[in-house]
Amino acid sequence: MTSSPGSAARGSGGQNDPAARARELRRRLEHHNHRYYVLDDPEISDAEYDSLLGDLRDLEARHPDLQTPDSPTQRVGATPLARFEPARHLQPMLSLANARNEEELRAWLVRSERLLNKDGVPDAEIRFVTEPKVDGLAISLLYEDGVLTRGATRGDGETGEDVTQNLRTIKAIPLRVDGAPRLLEVRGEAYLPRAAFAKLNEERAAAGEPTFANPRNSAAGSIRQLDPQLAAARPLSVWCYSIGALDGLDFGSHLESLEWLRAHGFKVNPDVERHESLDQVVGACRAWEARRESLDFEIDGVVVKVDDLDLQRRLGVVGREPRGAIAWKFAPMTATTTLTRVAWNVGRTGHMVPFAQLEPVQVSGVTVKLATLHNEEDLKRKDVREGDEVIVMRAGDVIPQVVSPTSKAQRNRSRGPVPEPPPQCPACGTPTVKPEGGVWTICPNRASCPGQIFQAVKHFVSRGAMDIEGLGEKQAERFLSDGLIGSTAGIYELDAEKLLSLEGFGEVSARNLLDAIGRSKAQPFHRVLYGLGIPGIGFVNARALTRQFRTMDALLTASPEEIEETPGIGPVLAQTIAETLSEDATRALIDRLRGHGLSLEEEGPADDAGEGPLTGKTFVLTGALPGLTREEAAERIEAAGGRVTGSVSSNTDYVVAGEDPGSKLVKAEKLGTEVLDESGLLGLLDG
Ligand code: IVH
């Protein structure tokens, strides 16, 4: 017998009684499965779990008669199905009426109370429960004498499809429930966590397969795989939200039934709440909306239910919708529209930036006509063409973006050609070039292309760089077009007289702006270096370079090989950085900034990483985080003692991935590096 950590911790399983030992192993595996997949709070390592599972497999192989269908070894069935059998529901699976805004929600709440009041129920006895409306696939789980005997999709509400084989692969679903009544039907929403959804789409795009439009489709696509091995490969989970058919147990209130489910091993959202008043209900809905983007699963609204099950029954069903519940739907974050044209801008480092002109469409309450396509590489990866029907997404303050063409557009054989970058810079007309070995086409007129200068100024004054309050995109554009400044350094040559010559500037606003400009001179060296907008020097690399070289002069005299010694900077990037730093235009700009007194030396001790919970840990950031800018995330990691580098290697402890993560995520997965989302990072920071 092996002596693994798992087997070392064996209880009184009865070494000589294989049946008792199998029971004991199963009990422990179920316990740890529940800790990991339902409570998200494991007690043992993956290796220890695998070792226990291995022990049970061995035992069952030696004693096939001991194998039971509810054994943890039996989650993934062996044979693919030819088709799914129909599954008739014991009770219809109804749908929910929608409230599109607060007014409609309040109207429903008031109407429910009024109907019940008429029935003699006082307000004080009417309570409501709020739950996240998870955007996944509705499922029904049937337990007979505590054993999962059937898992089905909703279908038309009367008859769904029997997807038992696939639902059994979802580890958050118990195969056996101790203390269950004779008959129990649990309903819930199966979903693919956000990160898994993004990754799946990325892999499908890379393999030339159509991507999923939303998490619901991806969950449905996974659950409707005929081969359970394929379904098992998708890390689906579930939130259980109600009990359907039931025999042998009775509940007075909905919340009570959810608490019973939770206590019996089902995954029920911990933030489901009961409320006494309408205002509390509305407050809870708003709170869910505010949290929406920080959750690791997608929600498209909040479900509000009358808590008392008898009152729910009394309210009845109209059509297919129970009157005792309603879904308050958020404005959707994605929408489908037609991409009419791919146009191009020039970015601050000279590369051609594609953007989409769209048929105007409402996305989370805002009309969107333009959306970013990020860069040439991303455009190719997404395979977006003019005339395609596309999915557009808007999240928080982030610029709207084109997610992908719809699968319908991808199937269209007579699509337009792949859009190519323009032969001439759209801002200055200079012929564009694609540097050898590079992936992006650029405008080589770095020194005097007005498009690049505008982007450079905008970047220099931005929050992560010099953070000059009162000098935003609009002012930058005006100063440049009115000739008040000719480049970034010109900002420090502005005076009251120049500003007062512009309409809209008075004594006070001019003074405030000049003060803000003056204050920015105290920004640390790494922000200045980042603000220069040199290709390859993002915030994280600026931090790494100033740590490595300490002064601008040391960096300016460094060879590409020396630059390459900086953590996170590889040979290609080191070469680009060295070349750009040696250009006359860069040198001239640095000299002017030096003349204005900006800091070109790092202050403080050589190793200024703070002491904290992340001391000794190295992070890489990729993709847009929902709540933090990249600079904020980097600063917070460093303040907690961690290091942030620009590329993933075997030294990386964590990769923090947001929306649209790039190749860094793929590399992390290859290396087995732990991947966190924003809430995971915040959890570590709090630790
Ligand atoms: S209760 C009477 N609760 O929303 C209807 N549904 O049309 C019973 N959904 O596809 C549904 N989260 O799968 C309920 N917390 C939740 C839910 C939820 C998501 C889905 C459900 C169905 C749709 C309702």
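Here the structure is a predicted model, which means the values were calculated and not measured.

Asks: For this particular structure, what's the right way to read the site of the ligand?
Replies: Taken together, 13 residues lie near the ligand, and Glu131, Ala138, Glu189, Tyr241 and Lys305 sit nearest. Compared with its free state, where it exposes 510 Å², the ligand has 84% of that area covered by protein. Those elements that place two or more of their residues in the shell around the ligand are strand S3 (128–134) and strand S10 (299–306). The element best represented in the shell around the ligand is S3, accounting for four residues. Its residues assigned to classes, the shell around the ligand shows eight nonpolar, one polar and four charged.

Asks: Where do I start with the side chain of Asn541 in this structure?
Replies: Note on placement: Asn541 falls in helix H19 (residues 539–549). With relative accessibility at 8%, the residue Asn541 sits in the buried group. Polar side-chain contacts of Asn541 include one of 3.0 Å to the backbone oxygen of Gly536. When sequence neighbours within four positions are dropped, the list of residues in contact with Asn541 reads Gly536, Gly568, Ile569, Leu573 and Gly646.

Asks: Is there a simple way to explain the confidence of the model for the protein in this structure?
Replies: Regions with low pLDDT carry predicted coordinates that are not meant to be interpreted in detail. Of the residues in the protein, 96% have a pLDDT of 70 or more, and the chain-wide mean is 89. When mean pLDDT is taken per element in the protein, helix H9 (residues 254–263) scores highest with 98 and helix H1 (residues 5–8) scores lowest with 40. Here residues 1–13 scores under 50 on pLDDT; set against residues more than four positions off or in separate chains, the count is 22 contacts.

Asks: Help me out: how do you make sense of unusual backbone geometry in this one?
Replies: Comment: phi is negative for the bulk of residues other than glycine, and the bulk of peptide bonds are trans. The phi angle at Asp145 is positive, at roughly 50 degrees, despite the residue not being glycine. Among the secondary structure elements, Asp145 is positioned in the loop between strand S4 (137–144) and strand S5 (147–153). Taking the relative accessible area as the measure of exposure, Asp145 reaches 60% and is therefore exposed.

Asks: For this particular structure, what's the right way to read the packing of H19 against helix H24 (residues 630–639)?
Replies: Two numbers describe a pair of packed helices, the interaxial angle and the distance between the axes. At a minimum axis separation of 9 Å, H19 and H24 run at an interaxial angle of 40 degrees. One element, H19, and the other, H24, form an angle in the oblique class. For the pair H19 and H24, the contacting residues are Phe539, Val540, Arg543 and Arg547 in the first and Glu631, Ala634, Glu635 and Glu638 in the second. Partitioning the contact of H19 with H24 into residue classes produces three nonpolar, no polar and five charged.

Asks: In this structure, what is going on with the sheet that holds strand S9 (residues 273–275)? I would like to understand it.
Replies: The sheet built from five strands is open, its strands ordered S2-S13-S10-S3-S9 with mixed pairing. Of all strands in the sheet, those bounded by a partner on one side alone are strand S2 (97–99) and S9. Within this sheet the neighbouring strands show an average axis-to-axis angle of 35 degrees, counted without direction. Note: S3 against S9, three bridges, orientation antiparallel. Each bridged residue has a counterpart across the sheet, and for Phe128 the counterpart in S9 is His275.

Asks: Would you mind going over the environment of Leu589 with me for this structure?
Replies: With respect to the helices and strands, the residue Leu589 is situated in helix H23 (residues 584–595). Along the backbone, Leu589 and Ser487 are 102 residues apart, and their C-alpha atoms lie at a distance of 8.6 Å. The residues contacting Leu589, other than those within four sequence positions of it, are Thr488, Ala489 and Leu532.

Asks: What's the story with the environment of Ser679 in this structure? I'm lost.
Replies: Inspection of the secondary structure assignment puts Ser679 in helix H26 (residues 678–686). The class for Ser679 is partly exposed, based on a relative accessible area of 36%. Put simply, Ser679 and Val656 are 23 residues apart on the chain and 9.7 Å apart in space, counted from C-alpha to C-alpha. Among the polar contacts made by the side chain of Ser679, one reaches the side chain of Asp677 at a distance of 3.1 Å.

Thresholds applied
- Position numbers for residues count from 1 along each chain, tracking the sequence in the order it is written.
- Local features in this predicted model are restricted to residues of pLDDT 70 or higher, and side-chain atom pairs are both shown and tallied only at a pLDDT of 80 or more, whereas totals for entire chains, interfaces and linings draw on every residue.
- Only hydrogens and water are set aside when side-chain values are computed; all heavy atoms of the structure are taken into account.
- Proximity criterion: a residue is near a molecule or strand once any of its heavy atoms comes within 4 Å of it.
- Methods summary: accessible areas were calculated by the Shrake-Rupley approach with a probe of 1.4 Å, and residue burial reflects only the protein chains presented.
- The numbering of helices and of strands both runs from the N terminus, where a helix is a DSSP run of H or I of at least 4 residues and a strand a run of E of at least 2.
- Any residue that is not Ala, Val, Leu, Ile, Met, Phe, Trp, Tyr, Cys, Pro, Asp, Glu, Lys or Arg is counted as polar, Gly included; the first ten are nonpolar and the last four charged.
- Partly exposed residues are those whose accessible area sits between 20% and 50% of the maximum for their type, while under 20% is buried and over 50% is exposed, using a 1.4 Å probe and protein chains only.
- Under the rule applied, a polar contact is a pair of N or O atoms within 3.5 Å (in protein, one hydrogen donor and one hydrogen acceptor; residues adjacent in sequence only if both atoms are side-chain atoms).
- Any pair of residues with heavy atoms lying within 4.5 Å of one another is described as a contacting pair.
- The predictor's confidence in any single residue is recorded as pLDDT, a number from 0 to 100.
- With axes taken as lines fitted to C-alpha atoms, and helix axes fitted only over the stretch in contact, angles between N-to-C directions fall between 0 and 180 degrees.
- Should an angle fall under 35 degrees it is called roughly parallel, over 145 degrees roughly antiparallel, and 65 to 115 degrees roughly perpendicular, with every other angle called oblique.
- What makes two strands pair is DSSP finding at least two bridges between them.

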